[in-house]
Amino acid sequence: MATPVQGTVTAEWWERLVARLIEALVFGVFYYILFIALWSFFRSVGLLGVFDEGRLPGVFAWLGAGLAYTVYDCVSHSRGGRTFGQAIMRIRVVPADGTVVTTRGLLKRALLYPGPTMLMGIPVLNVLAPMVAFGVGMLILMDRPLLRGPHDRLAGTRVVKDQRASGSAG
């Protein structure tokens, strides 16, 4: 079991949730723009509803938006340790044991969560993907005191408050 790094304060579950909700709003808008563009394209080339009763634009829009969110999550954490939602909430991803988190670890983290959003447009999987997200959230709540989800454990990370926000100095 990883021990917390001295001088860090674990981010609260609600801070993590709000950060994800902020990002979900932005990527939700991106999804709808992508869906409308794909729907228009499929309609213009005569493919809308030919094979799939009109579901194909949604499948591709979810795939594209989910892939973009997953790549964004990995790149943001590898460059600055946080996404824009986490920056707003003044939290960040750090190594759980004080070592270095690899890009490979962050990719695994992103593929486990928020990666399943790529599957939201596919029938049957569109039921399983939100269940994975819900399960990750529940596992974060149950993991005391570090509040690490399976994606954090896979990457060897934890989410902490910025030192300025937590009131502790160095």
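Right above here is the structure, for reference.
We now turn to the structure provided with this report. From a predicted model like this one, the values you see are computed outputs, not experimental measurements.

Let's talk about the pairing of strand β2 (residues 157-161)
- Of all five residues in β2, five are buried, a share of seventy percent or more.
- The alternating pattern of β2 places T157, V159 and K161 and R158 and V160 on opposite faces, both of which are buried.
- Bridge analysis of strand β1 (residues 91-95) against β2 gives five bridges, and the strand direction is antiparallel. The partner of V94 across the bridge, within β2, is R158.

Some words on unusual backbone geometry
- At the junction of Y113 and P114, the peptide bond is cis and its omega measures out at 20° in the coordinates.
- Here P114 is to be found in the loop between α4 (103-112) and α5 (125-142).
- For the bond from R144 to P145, the omega torsion is 5°, close enough to zero to count as cis.
- Position of P145 relative to the elements: it lies in the loop between α5 and α6 (150-155).
- Positive phi values are uncommon outside glycine, yet V124 reaches one of about 75°.
- With respect to the helices, strands and loops of the structure, V124 is situated in the loop between α4 and α5.

Concerning the pattern of salt bridges
- Considering all chains together, one arrives at eight salt bridges under this definition.
- Note that R20 and D73 form a salt bridge whose closest N and O atoms lie 3.1 Å from each other. Of the two residues, R20 sits in helix α1 (residues 13-44) while D73 sits in helix α2 (residues 56-80), which places them 53 residues apart along the sequence. Across the pair, D73 and R20 agree in class, each one buried.
- A network of salt bridges, in which partner residues are shared, links R16, R109 and D152.

Some thoughts on the packing of α1 against α2
- It is the contact of α1 with α2, at a shortest axis distance of 8 Å, that shows an interaxial angle of 140°. Between α1 and α2 the crossing geometry is right-handed. Residue-level contacts link R20, E23, F27, F30, Y31, L34, F35, L38, W39 and F42 of α1 to L56, P57, G58, F60, A61, W62, G64, A65, A68, Y69, Y72 and D73 of α2.
- Partitioned by chemical class, the residues of the contact of α1 with α2 number 17 nonpolar, two polar and three charged.

Notes on the environment of Q86
- For Q86, the position within the fold is in helix α3 (residues 84-89).
- Sequence separation of Q86 and V18 is 68 residues, and the distance between their C-alpha atoms is 8.5 Å.
- The contact partners of Q86, leaving out residues within four places of it in the chain, are A19, E23, H77, G81, I91 and V93.

Focus on the packing of aromatic side chains
- Per the counting criterion, the structure on display carries nine aromatic pairs.
- Between F27 and Y72, the aromatic rings sit 5.7 Å apart at their centres with planes inclined by 45°, giving tilted as the arrangement. With F27 in helix α1 and Y72 in helix α2, this residue pair connects regions lying 45 residues apart in the sequence.
- Three or more aromatic residues joined by ring pairs form one cluster here, namely F27, F30, Y69, Y72 and F84.

A few points about the layout of surface pockets
- Considered as a void within the structure, the largest pocket measures approximately 810 Å³ in volume.
- For the largest pocket, the lining is made up of 37 residues, of which L17, R20, L21, Y113 and A133 are closest to its centre.
- Elements supplying a minimum of two residues to the lining of the largest pocket: α1, α2 and α5.
- Of all the elements, α1 adds the most residues to the lining of the largest pocket, at 11 residues.
- Of the residues assigned to the lining of the largest pocket, the class counts are 24 nonpolar, eight polar and five charged.

About the cut-offs
- Residues numbered from 1 in each chain as written.
- Predicted model: local features only at pLDDT ≥ 70, side-chain atom pairs only at ≥ 80, totals over all residues.
- Heavy atoms only, no water.
- Buried < 20%, exposed > 50% of the residue type's maximum accessible area, 1.4 Å probe, protein only.
- Helix = DSSP H or I, 4+ residues; strand = E, 2+ residues; numbered from the N terminus.
- Pairing = 2+ DSSP bridges.
- Salt bridge = Lys/Arg side-chain N within 4 Å of Asp/Glu carboxyl O.
- Axes fitted to C-alpha atoms, helices over the stretch in contact; angles between N-to-C directions.
- Left-handed = near helix turned anticlockwise from the far one by under 90°.
- Contact = heavy atoms within 4.5 Å.
- Nonpolar A, V, L, I, M, F, W, Y, C, P; charged D, E, K, R; others polar.
- Phe/Tyr/Trp six-rings, centres within 6.5 Å; stacked < 30°, edge-to-face > 60°.
- 1 Å grid on protein atoms, 1.4 Å probe; cavity = no way out; pocket = protein on both sides within 12 Å on 5 of 7 lines; lining within 4 Å.
- Points joined across faces, edges and corners; volume = space filled by probe spheres on them.

Take it as geometry only, folks, not as evidence of what the structure does.
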